Amino acid sequence: MRVAVMATCLGDAMFPEAPRATVRLLRRLGVEVEVPEAQTCCGQPMVNTGYLDEAVPLVRRTVEAFEGFDAVVVPSGSCAGSVRHQHRLVAERAGDPAVADGVARLVPRAHELSELLVDVLGVTDVGASFPHRVTYHPTCHSLRMLRVGDRPLRLLREVRGIDLVELPRADECCGFGGTFAVKNAEVSVAMGADKARHVRETGAEVLVAGDASCLMHVGGLLSRQRAGVRTMHLAEVLASTADDPAGRA
Amino acid sequence: MGRTFVGMPPFPTAARTALADTRLRHNLAHATGTIRAKRATVVAEVEDWEDLRGQAAAVKDATLARLDEHLLTLEASLTARGATVHWARDAAEACAVVAEVARTHGVDEVVKVKSMATQEIGLNDALAAQGIAAWETDLAELIVQLGDDLPSHILVPAIHRGRAEVRDIFRTRMAAAGRPAPTDLTDDPAELAGAARLHLREKFLRARMAVSGANFAVAETGTLVVVESEGNGRMCLTLPEVLVSVVGLEKVVPTFADLDLFLRLLPRSSTGERMNPYTSTWSGVTPGDGPQEVHVVLLDNGRTRALADPVGRPTLRCIRCSACLNVCPVYERVGGHAYGSVYPGPIGAVLNPMLRGVGTDPVTDSLPYASTLCGACGDVCPVAIDLPGLLVHERIRVVDAHRADPRPKPEALAMRAAAWALGDARRMSLAERASGLAGRAWRGRGMPGGRRALSWLPFPGSRWTGARDLPVPPAESFRAWWRRTGRDEGTGR
Ligand code: SF4
């Protein structure tokens, strides 16, 4: 099975740990991994801010780059959500049947990381080891757009040595919201402050989520507060083993 | 004249002010938290809740698809039962109808059932301008009116007020409006309700004319339905001689049987009750019983604009339950006033731009952006309106409306630039190399996890770093790593 990794623009440019861990994890599970080099950004920031025309070339590029793979894994709930739920809209705007066809072929093959692991590869125990106190934030688009349900938690529960603590009011938004984080920065921070407070209440040392963007927001607040909590992508925890623990540079 | 939303700043500015109001934050967090929990409990009791939502959406959609026919049926049924039907294109026409009825009967005051449509059209101010006093009789609406305040919630317009504030308003303002509050009034909820009851009773018994809205209008029978919790609606709908109801075009349902569905969904969604205390229905005039002159004003005021948009049309399914407000994390923190409309929260962020149109008013244009698109609203909506999807739809309409602006906004330029830089892997890779080099030179404090922190950026980056650190860009992007080593099989470190 050939699986292509969609690094996402944020993962590529700012949080390469997440797609790198995705590559490591999938290889460990015996999957043939590819990274199409023509990929850039799925267009979500533009669509979610209302700039549909601007998203057209990005969606075109995305569908072309991921043509021909058995599956596409996206280590981001919101980017996977964008592909699955918004690309059709962009294709309509493009008015180009080639884009529409490309989108139609991509949508059923695009899986968020936990979906790929649990549904496509059929594993929940990925052989990971991560002896730390962890709390998990389920991120809105994974939860309510993709409906990944408890898949990430099922994966995390199987991790050796993990001390997984429940996050209070976990399903509440962290306040990131893409350009909302700067357009309505104050509200965004007010929401994030509450999320950070709940994270601190757990006494966790690591906050885990499936979206680098939400982690950038909550992690940025926690760092500013000197809270002593670090953020890690779900892929990093799942890629971590006793011999090759996560957190190494 | 009461206060109005006119002249308020766009959402981000209004929200900033609201966030700093600690009492507001406390009142809202408490009230929305309580009602959210109640709703969740009673909704969980209904096994086929998701089915009911789907059915309700289907009934509304089918009705909206042939709204013209259903409205004509409604008009015919109402007329046959002795009601007078008026059609109002906009707020001014609707207000004029109500004022005209009042003048004909020589009344200088009316009692009002809580109604969103009459708030939407600014009826109280329009009547006041003609020397007619409109008394709100819903407890929360009374608190807002006496406090010369604005509603901040669809169901609980005074949700932003705490008990102590309500007591102060009653003590200082009730006397000027009628029967004064007892001088020893405390902030005990039962006492507050008692004071309101006595104050209002005087008005119910005196008023000759009432104004209401309607939650539903049944086309086949010409029946209007008002759902409420306090009995004030029942008083208004039965005691006065003349009754005028202002009803949005979208309130029509085809048959009496359809009510069954909506009356199951509405109370659980709005007040978190299995059933609401008072459901009043009336069909035109019943000789010798209740108002002997009944008027119905069918209100457009932008609804046909929403109807004409095939994507936006489902917004008109809304039954104004307010569940979407109560779960909205943005609403919970800023309250209703920041939205500059009687329709706040997620539904307001979609409905206002739809009713008013976009591209001309900065306040309206800011509303679809008053959301993180977290989707909590869409999940609770009893008529399954895809609110997050519609928020994006409205954003697209706002952006498109400004495409021809002679001077594009900085945001538009930034989006174009970003789309260009991200439009090609080579350009993106160059940008990453540049940011990686800049990152290497940066001597920031270490963040947990080993990255260094960017804690200060010039505007507009300061919108981020004002309260949040940002990791400095990594020395090596993912694509550079993949080129260097990742391609090779192995563990790929
Ligand atoms: S949009 Fe849905 S949840 Fe919000 S008020 Fe209307 S019916 Fe209720």
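Computed from a prediction, not measured in an experiment: that's the story for all the values here. Along each chain, numbering runs from 1 in the same order as the chain's sequence is written. Ligands are numbered from 1 and chains lettered from A, in the order in which they are written. Reporting of local features is limited, given that this is a predicted model, to residues whose pLDDT is at least 70; pairs of side-chain atoms are given and counted only at 80 or more, and all residues count toward the totals for whole chains, interfaces and linings. Values reported for side chains reflect all heavy atoms of the structure, with hydrogen atoms and water molecules removed beforehand.

J.: Would you take a moment to explain the domain arrangement of chain B for this structure?
T.: Here chain B is partitioned into domain 1 (43-303) and domain 2 (431-486). Relative to domain 2 of chain B, the C-alpha centre of domain 1 of chain B lies at a distance of 56 Å. An automatic or database domain assignment supplies the start and end points of every domain.

J.: What exactly am I supposed to notice about the interface of chain B and chain A here?
T.: Interface size, as often reported, equals the accessible area lost upon joining of the parts. With 71 residues of chain B at the contact, the number on the chain A side is 75 residues. Counted as salt bridges are all cases of a side-chain nitrogen of Lys or Arg within 4 Å of a carboxyl oxygen of Asp or Glu. Scanning the region where chain B abuts chain A turns up 14 salt bridges. Here E37 of chain A and R483 of chain B are joined by a salt bridge, their closest N and O atoms 2.9 Å apart. Tallied by class, residues from the side of chain B that touches chain A come to 33 nonpolar, 13 polar and 25 charged. Residues are treated as being in contact if the distance between any of their heavy atoms lies within 4.5 Å. Charged residues are taken to be Asp, Glu, Lys and Arg, nonpolar residues to be Ala, Val, Leu, Ile, Met, Phe, Trp, Tyr, Cys and Pro, and polar residues to be all remaining types, Gly included.

J.: When you look at the packing of aromatic side chains in this model, what are you seeing that I'm missing?
T.: The geometry of two aromatic rings is summed up by the distance between their centres and the angle between their planes. Centres within 6.5 Å are what make two rings of Phe, Tyr or Trp a pair, Trp counting through its six-membered ring; a difference in plane orientation under 30 degrees is then read as stacked, over 60 as edge-to-face, and the rest as tilted. Scanning all chains against the criterion turns up six aromatic pairs over all chains. Both rings, one in F176 of chain A and one in W464 of chain B, keep their centres 6.2 Å apart while their planes meet at 70°; by these two values the pair is edge-to-face. Highlighted residues: F176 of chain A in the loop between β6 (163-165) and α10 (180-183) and W464 of chain B in helix α22 (residues 462-465), drawn from two different chains. Of the two residues, F176 of chain A and W464 of chain B, neither departs from the other in class, the shared state being buried. Ring geometry for F11 of chain B against Y339 of chain B: centres 4.9 Å apart, planes inclined by 55°, an arrangement best described as tilted. With F11 of chain B in helix α1 (residues 11-19) and Y339 of chain B in the loop between α15 (329-334) and α16 (345-356), this pair connects stretches of sequence that are 328 residues apart. Exposure class is identical for F11 of chain B and Y339 of chain B. Each is buried. Members of the aromatic cluster, connected to one another through ring pairs, are F11, Y331 and Y339 of chain B. Elements are defined by DSSP. Helices are runs of H or I of four residues or more, strands are runs of E of two residues or more, and each kind is numbered from the N terminus. Exposed residues in this analysis have more than 50% of their type's maximum accessible area, buried residues have under 20%, and partly exposed residues fall in between, with area computed by a 1.4 Å probe over protein chains only.

J.: Would you mind showing me how to read the pairing of strand β7 (residues 206-209) of chain A here?
T.: The side chains of a regular strand alternate, residue by residue, between the two faces of the sheet. Residues and elements named next belong to chain A. Neither face of β7 is exposed, since V206 and V208 on one face and L207 and A209 on the opposite face are all buried. As judged from the three bridges shared by strand β5 (residues 133-136) and β7, these two strands associate in the parallel manner. Residue pairing in the sheet places Y136 in a bridge with V208 of β7. With four bridges joining them, β7 and strand β8 (residues 230-233) adopt parallel strand pairing. The pairing criterion for strands is at least two bridges between them, as found by DSSP.

J.: What exactly am I supposed to notice about the site of the ligand here?
T.: Residues and elements named next belong to chain B. For each residue, the test is whether any non-hydrogen atom lies within 4 Å of the molecule or strand; if one does, the residue is near. By nearness alone, every residue bordering the ligand is listed as C318, I319, R320, C321, S322, C324, I347, C381, P382, V383, I385 and L387. Points on a 1 Å grid over protein atoms alone make up a cavity when a 1.4 Å probe fits among them but cannot get out, and a pocket when they form an open set with protein on both sides within 12 Å along at least five of seven lines; lining residues each have an atom within 4 Å of a point. Those molecules having more than half of their atoms within 2 Å of a cavity or pocket grid point set are described as sitting in that cavity or pocket. For the ligand, the cavity whose grid points lie within 2 Å of the majority of its atoms is the second largest cavity. Counted by class, the shell around the ligand contains ten nonpolar, one polar and one charged residues.

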